[in-house]
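Spelled out, the chains give:
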Amino acid sequence: MIRFVLAIALFLVLGTGVRATCEACPNCDYEQISVSQGDACLNYWTCSGDTITCSYPSVANPGTFNNCSYSASADWALTAGPSEICFPYSGLNSKCEPGNDPYNLGIPGCTASYGYVGENNSGLL
């Protein structure tokens, strides 16, 4: 009996093929640093309840960040932040990689309270 239960548990863990899907911050925002450097990219994110906040360095105000918040209760639409800079919706990632994806839809819930990403030009300003 114990072997049977262990076999079933192993099958459920390894054999079901269930994959997690996560809501993720857009890699970059709409605020362009320069033509050669492109738009400002994600530096860090926070997650609380059903809301993720994505932080991008501000080009207009160096040393500060533009914060773009997205919420499950708004179907992952922008709920706070400058609409001319933030994407209108968060992104969806089927890989749900630790550190890059704030909200796991399978749980559902935050994967962590915050994460540092440091995309390619996120610390230039």
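That block above? That's the structure.
1. Digging into the side chain of S58
- By the element assignment, S58 lies in the loop between β5 (51-57) and β6 (65-71).
- For S58, the side chain forms a polar contact with the main-chain nitrogen of A60, separated by 3.4 Å.

2. So, the state of the cysteines
- Scanning the model with the defined rule gives five disulfides in all.
- The disulfide that involves C22 links it to C96, with 1.7 Å between the sulfurs. A residue pair is termed long-range when its members are at least 10 positions apart, and C22 in strand β1 (residues 22-24) and C96 in the loop between β8 (91-93) and β9 (103-104) qualify at 74 residues. For the pair C22 and C96, one class covers both residues: buried.

3. A look at the environment of I85
- Residue placement: I85 occurs in the loop between β7 (77-80) and β8.
- Separated by 18 residues in sequence, I85 and N67 place their C-alpha atoms 9.4 Å apart.
- If sequence neighbours within four positions are ignored, I85 has contacts with D29, Y30, E31 and N66.

4. Thoughts on the pairing of strand β3 (residues 38-41)
- Direction of pairing for strand β2 (residues 28-34) relative to β3: antiparallel, over a ladder of three bridges. For C28, the partnering residue across the bridge sits in β3 and is C41.
- The hairpin turn running from β2 into β3, its antiparallel successor, is three residues long.

What counts as what
Residues numbered from 1 in each chain as written. Predicted model: local features only at pLDDT ≥ 70, side-chain atom pairs only at ≥ 80, totals over all residues. Heavy atoms only, no water. Helix = DSSP H or I, 4+ residues; strand = E, 2+ residues; numbered from the N terminus. Polar contact = N/O pair within 3.5 Å; in protein donor to acceptor, adjacent residues only side chain to side chain. Disulfide = S-S within 2.5 Å. Buried < 20%, exposed > 50% of the residue type's maximum accessible area, 1.4 Å probe, protein only. Contact = heavy atoms within 4.5 Å. Pairing = 2+ DSSP bridges.

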